[in-house]
Amino acid sequence: SDIALLNPTKTGYTFGGYYTSKNGAGTQYYTATGASAKNWNIASATTLYAKWTEVTYTISYTMNSGSWTSGYTSPASYNITLSVTLPTAENIVRTGYTFAGWYTSSDFSGSAVTSIATGSTGNKTFYAKWTANTYTVTLDKQSGTGGTSSVTATYDTAMPAITQPTRTGYTFN
């Protein structure tokens, strides 16, 4: 008669039934749902072995206006037995910005994450944090005098206030 049983669980794995040999080898006697897969036909006490398959989890990236460097392919999945190093500053770019790390929350709370550790489970989403670069801008006064000589400008931010130069016989534009 068919006897259904309660399936065992193992974090990061899917149960695949019971077999006469390890790793799903041999004859299957129970399915992944715990139902009988085959009538019992062994005339002795026997051990059946659980078959486990690693669950594949997805890795998603929110780039926040960044892009992958040419030719780079980011890790897109992992399982409980793998550790994964997340893409580094060499792999992601954004004009005018420096990559400041991957975070597990969109508000960048907590610490930056550099990898997924062996033993981790679940689909993961990582958010790229960027820091705007600053640049020294030299102001060429074109024969004028006084005023600001240089400023520190932050990318994608309004230019800082300056003091205007003067030049006899000219109006500063």
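Look up: the structure comes first, before these words.
From a predicted model like this one, the values you see are computed outputs, not experimental measurements.

Participant: Mind showing me how you'd approach the layout of surface pockets here?
Facilitator: Considering only enclosed or pocket space, the largest pocket measures out at about 220 Å³ in volume. Contributing to the lining of the largest pocket are 13 residues, with Lys 141, Gly 144, Pro 165, Thr 166 and Phe 172 lying nearest its centre. Grouping the amino acids of the lining of the largest pocket by side-chain chemistry returns five nonpolar, five polar and three charged.

Participant: Mind showing me how you'd approach the packing of aromatic side chains here?
Facilitator: Applying the stated criterion across every chain, the model contains 14 aromatic pairs. Ring centres 5.4 Å apart and planes at 50° place the aromatic pair Trp 68 and Tyr 72 in the tilted group. Residue Trp 68 is classed as partly exposed on the basis of its relative accessible area of 26%. An aromatic cluster of three or more residues is present, and its members are Tyr 61, Trp 68, Tyr 72, Phe 99, Trp 102, Phe 126 and Trp 130. Of note, Arg 167 hangs over the ring of Tyr 170, and the distance from its end group to the ring centre comes to 4.0 Å.

Participant: Would you mind showing me how to read the side chain of Ser 120 here?
Facilitator: The topology assignment puts Ser 120 in the loop between β10 (115–116) and β11 (124–132). Within polar-contact distance, the side chain of Ser 120 engages the backbone oxygen of Ala 117 at 2.8 Å. Dropping the residues within four chain positions of it, Ser 120 is found in contact with Tyr 57, Tyr 78, Asn 79 and Ile 80.

Participant: Whenever I open this one, the sheet that holds strand β3 (residues 49–54) confuses me. Can you help?
Facilitator: Read from one edge of the open sheet, three strands run β2-β1-β3, paired in antiparallel fashion. Since the sheet does not close on itself, it has two edges, and those belong to β2 (28–30) and β3, each with one partner. Geometrically, the sheet is characterised by an average inter-axis angle of 50° between neighbouring strands, direction not taken into account. When strand β1 (residues 13–19) meets β3, the two strands line up antiparallel, connected through five bridges. Paired with Tyr 18 across the bridge in β3 is Ala 50.

Criteria and cut-off values
All residue numbers refer to positions counted from 1 along the written sequence of the respective chain. Reporting in this predicted model follows two pLDDT cut-offs: at least 70 for local features of residues, and 80 or more for side-chain atom pairs to be given and counted; totals over whole chains, interfaces and linings ignore these cut-offs and use all residues. With hydrogens and water excluded, all non-hydrogen atoms of the structure serve as input to the side-chain values. Every definition here rests on a 1 Å grid over the protein atoms only: cavities are sets of points where a 1.4 Å probe fits but cannot get out, pockets are open sets enclosed by protein on both sides within 12 Å along at least five of seven lines, and lining residues have some atom within 4 Å of a point. Grid points are joined across faces, edges and corners, and a volume is the space filled by probe spheres set on the points. Side-chain classes follow a simple rule in which Ala, Val, Leu, Ile, Met, Phe, Trp, Tyr, Cys and Pro form the nonpolar group, Asp, Glu, Lys and Arg form the charged group, and the remainder, Gly included, forms the polar group. Aromatic pairs are defined between Phe, Tyr and Trp rings, using the six-membered ring for Trp, whenever the two ring centres lie within 6.5 Å; interplanar angles under 30 degrees are classed as stacked, those over 60 as edge-to-face, and all others as tilted. Buried means the residue's accessible area, taken with a 1.4 Å probe over protein chains only, is under 20% of the maximum for its type, while exposed means over 50%, and partly exposed covers the values in between. We call a charge positioned above a ring when the Lys NZ or Arg CZ atom is no farther than 6 Å from the ring centre and deviates by at most 35 degrees from the ring normal. Helix numbering and strand numbering both begin at the N terminus, where a helix is a DSSP run of H or I of at least 4 residues and a strand a DSSP run of E of at least 2. What qualifies as a polar contact is a pair of N or O atoms within 3.5 Å, subject to a donor-acceptor requirement within protein and to the restriction that residues adjacent in sequence count only when both atoms come from side chains. Any pair of residues with heavy atoms lying within 4.5 Å of one another is described as a contacting pair. Two strands pair under a simple rule: DSSP has to find at least two bridges between them. Note on definitions: angles span 0 to 180 degrees between N-to-C directions of axes, and those axes are lines fitted to C-alpha atoms, for helices only across the stretch in contact.

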